[in-house]
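Listed below are the residues making up each chain.
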Amino acid sequence: MSYGRDVYDKALARLKERHDVCTMKANERRRALSEVNPRFGEIEAELRATSSGLFAALLSDKGMDAFNSVMEKNKALRAEREKLLADAGLDAHFLDDVYACSECRDEYYIDGKMCSCLKKELRAAAYEKLNASTRLKLTSFDDFDLGYYSDEIDETLGESPRSRMTDVLAFVKRYADEIKTRRDSLLFTGGTGLGKTHLSLAVAKEATDAGLGVIYDSVPSLMMKLENERFGRGDDGFCEAVCSCDLLILDDLGAEHSTAATRTFLYTIVNSRIMSELPTIISTNLSVSELSERYSDAVYSRLSGDYTPIWFCGSDIRLKKKLGIK
Ligand SMILES: [Zn+2]
(Lines give C-alpha, C1' and ligand atoms only; values in the text may rest on other atoms or scores of the structure.)
Protein backbone atom coordinates (compact mmCIF):
# COMPACT_ATOMS: atom_id res chain seq x y z
CA MET A 1 0.00 0.00 0.00
CA SER A 2 1.34 3.46 -0.79
CA TYR A 3 0.90 6.15 1.83
CA GLY A 4 0.00 9.80 1.59
CA ARG A 5 1.77 12.66 3.34
CA ASP A 6 -0.88 12.77 6.11
CA VAL A 7 -0.32 9.11 6.93
CA TYR A 8 3.47 9.62 7.13
CA ASP A 9 3.05 12.67 9.35
CA LYS A 10 0.71 10.83 11.71
CA ALA A 11 3.01 7.79 11.94
CA LEU A 12 6.11 9.92 12.56
CA ALA A 13 4.29 12.03 15.17
CA ARG A 14 3.37 8.87 17.07
CA LEU A 15 6.93 7.51 16.92
CA LYS A 16 8.28 10.85 18.10
CA GLU A 17 5.84 10.83 21.00
CA ARG A 18 7.15 7.40 22.02
CA HIS A 19 10.74 8.57 21.63
CA ASP A 20 10.06 11.62 23.82
CA VAL A 21 8.59 9.42 26.56
CA CYS A 22 11.77 7.29 26.51
CA THR A 23 14.02 10.37 26.66
CA MET A 24 12.00 11.72 29.55
CA LYS A 25 12.36 8.42 31.42
CA ALA A 26 16.14 8.35 30.85
CA ASN A 27 16.49 11.95 32.05
CA GLU A 28 14.39 11.18 35.10
CA ARG A 29 16.68 8.25 35.95
CA ARG A 30 19.75 10.45 35.69
CA ARG A 31 18.17 13.16 37.83
CA ALA A 32 17.05 10.68 40.53
CA LEU A 33 20.47 9.03 40.68
CA SER A 34 22.27 12.39 40.95
CA GLU A 35 20.04 13.24 43.86
CA VAL A 36 21.16 10.10 45.69
CA ASN A 37 24.82 10.52 44.71
CA PRO A 38 25.78 13.95 43.26
CA ARG A 39 28.97 12.46 41.81
CA PHE A 40 26.84 10.93 38.99
CA GLY A 41 25.74 14.44 37.96
CA GLU A 42 29.30 15.73 38.10
CA ILE A 43 30.55 12.86 35.90
CA GLU A 44 27.81 13.59 33.34
CA ALA A 45 28.83 17.25 33.21
CA GLU A 46 32.54 16.37 32.96
CA LEU A 47 31.86 13.86 30.18
CA ARG A 48 29.98 16.50 28.21
CA ALA A 49 32.90 18.90 28.70
CA THR A 50 35.50 16.33 27.55
CA SER A 51 33.46 15.49 24.44
CA SER A 52 33.28 19.11 23.36
CA GLY A 53 36.96 19.52 24.30
CA LEU A 54 38.13 16.88 21.81
CA PHE A 55 38.12 19.15 18.77
CA ALA A 56 39.68 21.99 20.68
CA ALA A 57 42.46 19.62 21.81
CA LEU A 58 43.15 18.47 18.25
CA LEU A 59 43.41 22.04 17.02
CA SER A 60 45.65 23.12 19.89
CA ASP A 61 49.46 23.36 19.75
CA LYS A 62 49.87 19.98 21.40
CA GLY A 63 47.65 18.24 18.80
CA MET A 64 47.43 14.46 19.25
CA ASP A 65 48.93 14.55 22.77
CA ALA A 66 46.17 16.84 23.96
CA PHE A 67 43.60 14.74 22.15
CA ASN A 68 44.86 11.53 23.78
CA SER A 69 44.89 13.09 27.20
CA VAL A 70 41.20 14.14 26.80
CA MET A 71 40.40 10.61 25.63
CA GLU A 72 42.14 9.19 28.70
CA LYS A 73 40.15 11.46 30.97
CA ASN A 74 36.95 10.42 29.21
CA LYS A 75 37.79 6.74 29.69
CA ALA A 76 38.58 7.25 33.38
CA LEU A 77 35.24 9.04 33.91
CA ARG A 78 33.32 6.22 32.28
CA ALA A 79 35.16 3.64 34.38
CA GLU A 80 34.40 5.60 37.53
CA ARG A 81 30.72 5.82 36.59
CA GLU A 82 30.61 2.09 35.87
CA LYS A 83 32.10 1.32 39.27
CA LEU A 84 29.66 3.63 41.03
CA LEU A 85 26.78 1.90 39.26
CA ALA A 86 28.08 -1.54 40.21
CA ASP A 87 28.52 -0.43 43.84
CA ALA A 88 24.90 0.72 43.83
CA GLY A 89 23.88 -2.71 42.46
CA LEU A 90 22.77 -1.21 39.11
CA ASP A 91 23.30 -2.41 35.55
CA ALA A 92 26.25 -0.85 33.66
CA HIS A 93 23.78 0.48 31.05
CA PHE A 94 21.45 2.01 33.61
CA LEU A 95 22.26 5.56 32.50
CA ASP A 96 22.36 4.91 28.75
CA ASP A 97 19.94 6.63 26.39
CA VAL A 98 16.66 4.76 26.07
CA TYR A 99 15.02 4.13 22.67
CA ALA A 100 11.49 3.08 21.82
CA CYS A 101 12.93 0.87 19.05
CA SER A 102 16.17 -0.90 19.84
CA GLU A 103 16.57 -1.94 16.18
CA CYS A 104 16.99 1.54 14.67
CA ARG A 105 17.53 3.51 17.91
CA ASP A 106 14.63 5.76 16.89
CA GLU A 107 16.23 6.73 13.58
CA TYR A 108 13.43 4.82 11.70
CA TYR A 109 15.81 3.83 8.91
CA ILE A 110 18.66 1.31 8.98
CA ASP A 111 21.21 1.59 6.15
CA GLY A 112 18.69 3.50 4.09
CA LYS A 113 15.98 0.89 4.60
CA MET A 114 12.79 1.60 6.52
CA CYS A 115 12.79 0.01 9.99
CA SER A 116 9.92 -2.29 10.97
CA CYS A 117 8.78 0.19 13.66
CA LEU A 118 8.00 2.84 11.03
CA LYS A 119 6.45 0.26 8.69
CA LYS A 120 4.13 -0.93 11.46
CA GLU A 121 3.09 2.60 12.41
CA LEU A 122 2.46 3.61 8.79
CA ARG A 123 0.25 0.60 8.33
CA ALA A 124 -1.72 1.34 11.49
CA ALA A 125 -2.17 5.01 10.50
CA ALA A 126 -3.25 4.04 6.98
CA TYR A 127 -5.92 1.64 8.23
CA GLU A 128 -7.15 4.13 10.79
CA LYS A 129 -7.64 6.59 7.95
CA LEU A 130 -9.48 4.01 5.87
CA ASN A 131 -11.84 3.26 8.77
CA ALA A 132 -12.23 6.86 9.95
CA SER A 133 -15.52 7.47 8.20
CA THR A 134 -17.11 4.28 9.59
CA ARG A 135 -16.57 5.43 13.19
CA LEU A 136 -15.39 1.96 14.04
CA LYS A 137 -16.23 1.32 17.67
CA LEU A 138 -14.62 -1.97 18.50
CA THR A 139 -16.44 -4.40 20.76
CA SER A 140 -15.11 -7.53 22.41
CA PHE A 141 -16.24 -11.12 22.79
CA ASP A 142 -16.41 -10.64 26.56
CA ASP A 143 -19.35 -8.25 26.38
CA PHE A 144 -21.38 -10.53 24.10
CA ASP A 145 -24.20 -11.48 26.47
CA LEU A 146 -25.79 -14.87 25.73
CA GLY A 147 -28.42 -14.06 28.39
CA TYR A 148 -30.34 -12.08 25.74
CA TYR A 149 -31.04 -15.27 23.77
CA SER A 150 -33.96 -17.46 24.86
CA ASP A 151 -33.16 -20.84 26.37
CA GLU A 152 -36.50 -22.30 25.25
CA ILE A 153 -36.31 -24.93 22.54
CA ASP A 154 -37.22 -23.56 19.13
CA GLU A 155 -39.10 -26.18 17.10
CA THR A 156 -37.53 -25.20 13.75
CA LEU A 157 -34.02 -25.06 15.17
CA GLY A 158 -34.37 -28.23 17.22
CA GLU A 159 -32.51 -26.41 20.02
CA SER A 160 -32.75 -23.16 21.95
CA PRO A 161 -31.44 -19.91 20.40
CA ARG A 162 -29.08 -19.65 23.39
CA SER A 163 -27.59 -23.05 22.71
CA ARG A 164 -27.18 -22.21 18.99
CA MET A 165 -25.62 -18.84 19.76
CA THR A 166 -23.24 -20.42 22.30
CA ASP A 167 -21.86 -22.51 19.42
CA VAL A 168 -21.76 -19.48 17.10
CA LEU A 169 -19.86 -17.46 19.69
CA ALA A 170 -17.35 -20.29 20.27
CA PHE A 171 -16.83 -20.73 16.51
CA VAL A 172 -16.31 -17.03 15.77
CA LYS A 173 -14.06 -16.62 18.80
CA ARG A 174 -11.83 -19.44 17.57
CA TYR A 175 -11.81 -17.86 14.09
CA ALA A 176 -10.64 -14.58 15.66
CA ASP A 177 -7.98 -16.34 17.76
CA GLU A 178 -6.60 -17.93 14.59
CA ILE A 179 -7.10 -14.88 12.37
CA LYS A 180 -3.42 -14.58 11.45
CA THR A 181 -3.50 -17.95 9.73
CA ARG A 182 -7.14 -18.17 8.58
CA ARG A 183 -7.71 -18.12 4.83
CA ASP A 184 -11.46 -18.86 4.85
CA SER A 185 -14.36 -16.41 4.86
CA LEU A 186 -17.61 -16.24 6.82
CA LEU A 187 -21.13 -15.23 5.87
CA PHE A 188 -23.17 -14.03 8.87
CA THR A 189 -26.90 -14.32 8.12
CA GLY A 190 -29.96 -13.57 10.23
CA GLY A 191 -32.36 -10.75 11.04
CA THR A 192 -31.60 -7.34 12.52
CA GLY A 193 -30.29 -7.08 16.07
CA LEU A 194 -29.08 -10.67 16.52
CA GLY A 195 -25.45 -9.79 17.23
CA LYS A 196 -23.87 -10.02 13.74
CA THR A 197 -22.30 -6.58 13.94
CA HIS A 198 -21.15 -7.15 17.52
CA LEU A 199 -19.26 -10.32 16.61
CA SER A 200 -17.86 -8.79 13.37
CA LEU A 201 -16.44 -5.90 15.37
CA ALA A 202 -15.04 -8.27 17.99
CA VAL A 203 -13.15 -10.12 15.24
CA ALA A 204 -11.98 -6.73 13.88
CA LYS A 205 -10.62 -5.84 17.32
CA GLU A 206 -8.70 -9.13 17.68
CA ALA A 207 -7.25 -8.74 14.18
CA THR A 208 -6.29 -5.10 14.75
CA ASP A 209 -4.65 -6.02 18.07
CA ALA A 210 -2.71 -8.75 16.22
CA GLY A 211 -1.30 -6.06 13.91
CA LEU A 212 -3.37 -6.95 10.85
CA GLY A 213 -4.70 -4.38 8.42
CA VAL A 214 -8.49 -4.42 8.76
CA ILE A 215 -11.09 -2.54 6.74
CA TYR A 216 -14.58 -2.44 8.16
CA ASP A 217 -17.46 -0.88 6.28
CA SER A 218 -21.11 -1.32 5.43
CA VAL A 219 -21.77 -2.42 1.85
CA PRO A 220 -23.78 0.75 0.96
CA SER A 221 -21.00 3.02 2.26
CA LEU A 222 -18.29 0.94 0.58
CA MET A 223 -20.12 1.11 -2.75
CA MET A 224 -20.39 4.87 -2.47
CA LYS A 225 -16.64 5.19 -1.84
CA LEU A 226 -15.82 2.92 -4.77
CA GLU A 227 -18.13 4.94 -7.02
CA ASN A 228 -16.39 8.13 -5.87
CA GLU A 229 -13.02 6.62 -6.61
CA ARG A 230 -14.21 5.56 -10.05
CA PHE A 231 -15.14 9.15 -10.85
CA GLY A 232 -11.95 10.54 -9.32
CA ARG A 233 -13.70 12.09 -6.32
CA GLY A 234 -12.32 9.91 -3.55
CA ASP A 235 -9.13 8.43 -2.21
CA ASP A 236 -6.97 6.73 -4.82
CA GLY A 237 -6.09 3.19 -3.87
CA PHE A 238 -9.21 2.48 -1.83
CA CYS A 239 -10.36 -0.32 -4.13
CA GLU A 240 -6.89 -1.84 -4.04
CA ALA A 241 -6.85 -1.64 -0.23
CA VAL A 242 -10.27 -3.31 0.00
CA CYS A 243 -9.09 -6.16 -2.23
CA SER A 244 -5.74 -6.63 -0.49
CA CYS A 245 -6.21 -5.83 3.24
CA ASP A 246 -5.55 -8.68 5.69
CA LEU A 247 -9.17 -8.81 6.82
CA LEU A 248 -12.22 -7.22 5.20
CA ILE A 249 -15.48 -6.95 7.12
CA LEU A 250 -18.58 -5.91 5.24
CA ASP A 251 -21.82 -5.19 7.03
CA ASP A 252 -25.34 -5.14 5.66
CA LEU A 253 -25.00 -6.83 2.28
CA GLY A 254 -28.29 -6.29 0.46
CA ALA A 255 -28.90 -2.78 1.82
CA GLU A 256 -26.98 -1.18 -1.07
CA HIS A 257 -28.67 0.35 -4.08
CA SER A 258 -28.16 -2.35 -6.67
CA THR A 259 -26.73 -1.24 -10.01
CA ALA A 260 -24.57 -2.90 -12.66
CA ALA A 261 -21.56 -1.10 -11.15
CA THR A 262 -22.21 -2.23 -7.54
CA ARG A 263 -22.68 -5.81 -8.70
CA THR A 264 -19.38 -5.68 -10.58
CA PHE A 265 -17.61 -4.16 -7.56
CA LEU A 266 -19.00 -6.86 -5.31
CA TYR A 267 -17.95 -9.67 -7.60
CA THR A 268 -14.47 -8.19 -8.05
CA ILE A 269 -13.93 -7.86 -4.29
CA VAL A 270 -15.34 -11.26 -3.34
CA ASN A 271 -13.59 -13.05 -6.16
CA SER A 272 -10.17 -11.40 -5.85
CA ARG A 273 -10.06 -12.01 -2.10
CA ILE A 274 -10.91 -15.69 -2.52
CA MET A 275 -8.23 -16.01 -5.21
CA SER A 276 -5.68 -14.31 -2.90
CA GLU A 277 -6.83 -16.46 0.06
CA LEU A 278 -7.63 -13.41 2.18
CA PRO A 279 -10.36 -13.74 4.83
CA THR A 280 -13.57 -11.73 4.59
CA ILE A 281 -16.62 -11.56 6.84
CA ILE A 282 -19.86 -10.46 5.24
CA SER A 283 -23.07 -9.87 7.21
CA THR A 284 -26.51 -9.85 5.67
CA ASN A 285 -30.15 -9.75 6.75
CA LEU A 286 -31.07 -11.59 3.56
CA SER A 287 -31.88 -15.28 3.55
CA VAL A 288 -30.02 -17.63 1.23
CA SER A 289 -32.91 -17.64 -1.25
CA GLU A 290 -33.08 -13.84 -1.19
CA LEU A 291 -29.33 -13.71 -1.88
CA SER A 292 -29.74 -15.97 -4.88
CA GLU A 293 -32.57 -13.81 -6.23
CA ARG A 294 -30.72 -10.55 -5.75
CA TYR A 295 -27.23 -11.42 -6.95
CA SER A 296 -25.82 -12.89 -10.13
CA ASP A 297 -24.98 -16.58 -10.26
CA ALA A 298 -21.28 -15.68 -10.16
CA VAL A 299 -21.58 -13.76 -6.85
CA TYR A 300 -24.08 -16.17 -5.33
CA SER A 301 -21.98 -19.24 -6.14
CA ARG A 302 -18.94 -17.60 -4.49
CA LEU A 303 -20.90 -16.70 -1.36
CA SER A 304 -22.68 -20.04 -1.06
CA GLY A 305 -19.75 -22.18 -2.12
CA ASP A 306 -16.70 -20.51 -0.62
CA TYR A 307 -18.03 -18.80 2.52
CA THR A 308 -18.91 -20.68 5.70
CA PRO A 309 -22.48 -19.68 6.58
CA ILE A 310 -23.13 -18.73 10.21
CA TRP A 311 -26.80 -18.48 11.11
CA PHE A 312 -27.68 -16.03 13.85
CA CYS A 313 -31.00 -16.65 15.61
CA GLY A 314 -33.17 -15.33 18.45
CA SER A 315 -35.18 -12.13 18.73
CA ASP A 316 -33.95 -8.55 18.33
CA ILE A 317 -31.39 -7.93 21.10
CA ARG A 318 -31.12 -4.19 20.47
CA LEU A 319 -34.81 -3.86 21.32
CA LYS A 320 -34.43 -6.00 24.44
CA LYS A 321 -31.39 -3.99 25.55
CA LYS A 322 -33.29 -0.73 25.07
CA LEU A 323 -36.23 -2.04 27.07
CA GLY A 324 -33.88 -3.48 29.68
CA ILE A 325 -35.27 -7.02 29.45
CA LYS A 326 -33.61 -10.37 28.92
ZN1 LIG B 1 12.88 1.04 14.47
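Note that the structure is predicted; figures quoted are calculated from it, not measured. (Residues numbered from 1 in each chain as written. Predicted model: local features only at pLDDT ≥ 70, side-chain atom pairs only at ≥ 80, totals over all residues. Heavy atoms only, no water.)

## Some words on the pattern of salt bridges
Counting across every chain of the model gives 24 salt bridges. Here R31 ties to E35 by a salt bridge, and the two come within 2.4 Å at their closest N and O atoms. Linking R31 with E35, this pair stays in helix α1 (residues 5-36), spanning four residues, or about one helical turn. R31 gets classed as partly exposed once you look at its relative accessible area, which sits at 43%. Accessibility expressed as a relative area gives 59% for E35, which makes it exposed. Here D209 and K205 are joined by a salt bridge, their closest N and O atoms 2.9 Å apart. (Salt bridge = Lys/Arg side-chain N within 4 Å of Asp/Glu carboxyl O. Helix = DSSP H or I, 4+ residues; strand = E, 2+ residues; numbered from the N terminus. Buried < 20%, exposed > 50% of the residue type's maximum accessible area, 1.4 Å probe, protein only.)

## Comments concerning helix α7 (residues 219-230)
Compared with the 16 Å implied by 1.5 Å per residue over twelve residues, the 16 Å span of α7 between its first and last C-alpha is a close match. Among the residues of α7, those classed as buried are V219, L222, M223, K225, L226 and E229. One side of α7 holds all its buried residues, which, seen down the axis, span an arc of 160°. Looking at the buried side of α7, the elements it contacts are α4 (116-131), β4 (214-218), α8 (238-244), β5 (247-253) and α9 (260-275). Of the residues trailing α7, G232 is marked for its positive phi of about 75°. (Expected span 1.5 Å × (residues − 1). Arc of directions from axis to C-beta. Contact = heavy atoms within 4.5 Å.)

## So, the packing of α7 against α9
Here α7 crosses α9 at 100°, and the two axes come no closer than 10 Å. Classed by the angle they form, the pair α7 and α9 counts as roughly perpendicular. Residue-level inspection shows L222, M223, L226, E227 and R230 of α7 in contact with α9, the latter providing A261, T262, F265, L266 and I269. Looking at the contact of α7 with α9, its residues break down into seven nonpolar, one polar and two charged. (Axes fitted to C-alpha atoms, helices over the stretch in contact; angles between N-to-C directions. Parallel < 35°, antiparallel > 145°, perpendicular 65-115°, else oblique. Nonpolar A, V, L, I, M, F, W, Y, C, P; charged D, E, K, R; others polar.)

## A look at the sheet that holds β5
Read from one edge of the open sheet, five strands run β4-β5-β6-β3-β7, paired in parallel fashion. The open sheet has two edge strands, β4 and β7 (307-311), and neither has a second partner. Each neighbouring strand pair of the sheet contributes to a mean axis angle of 15°, computed without reference to strand direction. Bridge count for strand β3 (residues 185-189) against β7 is five bridges, and the pairing is parallel. Across the sheet, the residue bridging to L186 is T308, located in β7. (Pairing = 2+ DSSP bridges.)

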